[in-house]
Amino acid sequence: MIRALGWLAVLGLLAGLAAGFGYAPREAVQGNVQRIMYLHVPSVLTAYLAFGLVLLGSVAYLATRRAGWDRLAGSAGEIGVLFTGLTLVSGSIWGKPTWGTWWTWDARLTSTAVLFLVYVGYLMLRQLIEDADTRARYAAVVGILGAVNIPIVHFSVKWWRTLHQPSTILGPEPAPIDPAIGIALLVNWIAFTLLFAYFLSRRMEIARLEEQA
Amino acid sequence: MPTNWSYVIAAYGIAALVLAGYWRHLARRRRALTARHPSRGRSA
């Protein structure tokens, strides 16, 4: 089952590459560099999903004290850090030719970097505590507090004057983009979600095996 | 308008390395754990 999910994710990623490089047109203003968005946007949406699951697992663990919820939170946190890292790196590479700089202390960029560091801290905390119950309890509290940063990242482009453009998708208005670009984004979003589901299933399986070892 | 393909290749190249590396890390870790306890790794 998990293996089939992996193959499905690979097929999705291949379809995403075909959509982003074959189907979607070259963007009129940014040129080819806009194709980085087919990687950058799905990465951040996957990170939101992962950290949302950290919140869910953390709340559920504190309510039930069942180890499975802690495994979900810890596994999703690790994968969320991976995708947030990809978001920061791909955004930085896109920023150089588009904004003329690799990095600027813009509200969206800064809050995303803080989100990354908060969950790196979350993973470090999980490594530092040996007792499983204490680790799960402390991590759940950090997992809940860390989730406060997710709406700050998402709405930072509305709350502050930023260089980063407002939300194109997940925004209040319909996406003001060419339908072909929208479809390419959607295909890549689905592919990244499948990849996330595969990683999460495998990581939770490993966490279960580690507990039994 | 410059083509900027080098930036696109760099972004996708790094992403491919990171994602494939994590995929491999998970596969190796699972293999190591199931080799130690063969009966426990068959649920997938």
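Residues numbered from 1 in each chain as written. Chains lettered and ligands numbered in written order. Predicted model: local features only at pLDDT ≥ 70, side-chain atom pairs only at ≥ 80, totals over all residues.

**Q** I keep staring at the overall build of chain A and nothing clicks. Help me out?
**A** Summing up its helical and strand segments, chain A has seven helices and zero strands in all. The helix and strand sequence of chain A, counted from the amino end, reads α-α-α-α-α-α-α. A compact globule built from 213 residues would reach a C-alpha radius of gyration of about 17 Å, and chain A, at 18 Å, matches this within 12%. The dimensions of chain A, computed from C-alpha atoms along their principal axes, are 55 × 40 × 30 Å. A burial count over chain A gives 41% of its 213 residues as buried. (Helix = DSSP H or I, 4+ residues; strand = E, 2+ residues; numbered from the N terminus. Rg over C-alpha atoms; globule rule 2.2 N^0.38 Å. Buried ≥ 20, exposed ≤ 12 C-beta atoms within 10 Å, placed from the backbone.)

**Q** Before we go on, may I ask you to explain the interface of chain B and chain A in this structure?
**A** Many authors give the size of an interface as the accessible area that is lost as the parts come together. The partner chain A presents 26 residues to the 24 residues of chain B that form the contact. The residue inventory of the side of chain B that touches chain A, partitioned by class, reads 15 nonpolar, five polar and four charged. (Contact = placed C-beta atoms within 7 Å. Nonpolar A, V, L, I, M, F, W, Y, C, P; charged D, E, K, R; others polar.)

**Q** Sorry if this is basic, but what is going on with the packing of helix H3 (residues 67–99) of chain A against helix H4 (residues 107–128) of chain A here?
**A** What describes two packed helices is the angle between their axes and the distance between those same axes. All names here are of chain A. Look at H3 against H4: their axes get within 9 Å of each other, and the N-to-C directions meet at 145 degrees. In terms of crossing hand, the pair formed by H3 and H4 is left-handed. Contacts from Gly-74, Gly-77, Glu-78, Gly-80, Val-81, Thr-84, Gly-85, Thr-87 and Leu-88 of H3 reach H4 at Thr-112, Ala-113, Leu-115, Phe-116, Tyr-119, Val-120, Tyr-122, Leu-123 and Arg-126. Across the contact of H3 with H4, the residue classes break down as nine nonpolar, seven polar and two charged. (Axes fitted to C-alpha atoms, helices over the stretch in contact; angles between N-to-C directions. Left-handed = near helix turned anticlockwise from the far one by under 90°.)

**Q** Sorry if this is basic, but what is going on with the packing of H4(A) against helix H5 (residues 132–146) of chain A here?
**A** Residue and element names in this part refer to chain A. For the pair H4 and H5, interaxial distance at closest approach is 9 Å and the crossing angle is 175 degrees. Classified by the angle between their axes, H4 and H5 sit roughly antiparallel to one another. When H4 is examined against H5, the residues Val-118, Tyr-119, Tyr-122, Leu-125 and Arg-126 are found in contact with a partner set consisting of Arg-135, Tyr-138, Ala-139, Val-142, Gly-143 and Gly-146. (Parallel < 35°, antiparallel > 145°, perpendicular 65-115°, else oblique.)

Treat this as a map of the structure, not an account of what it does.
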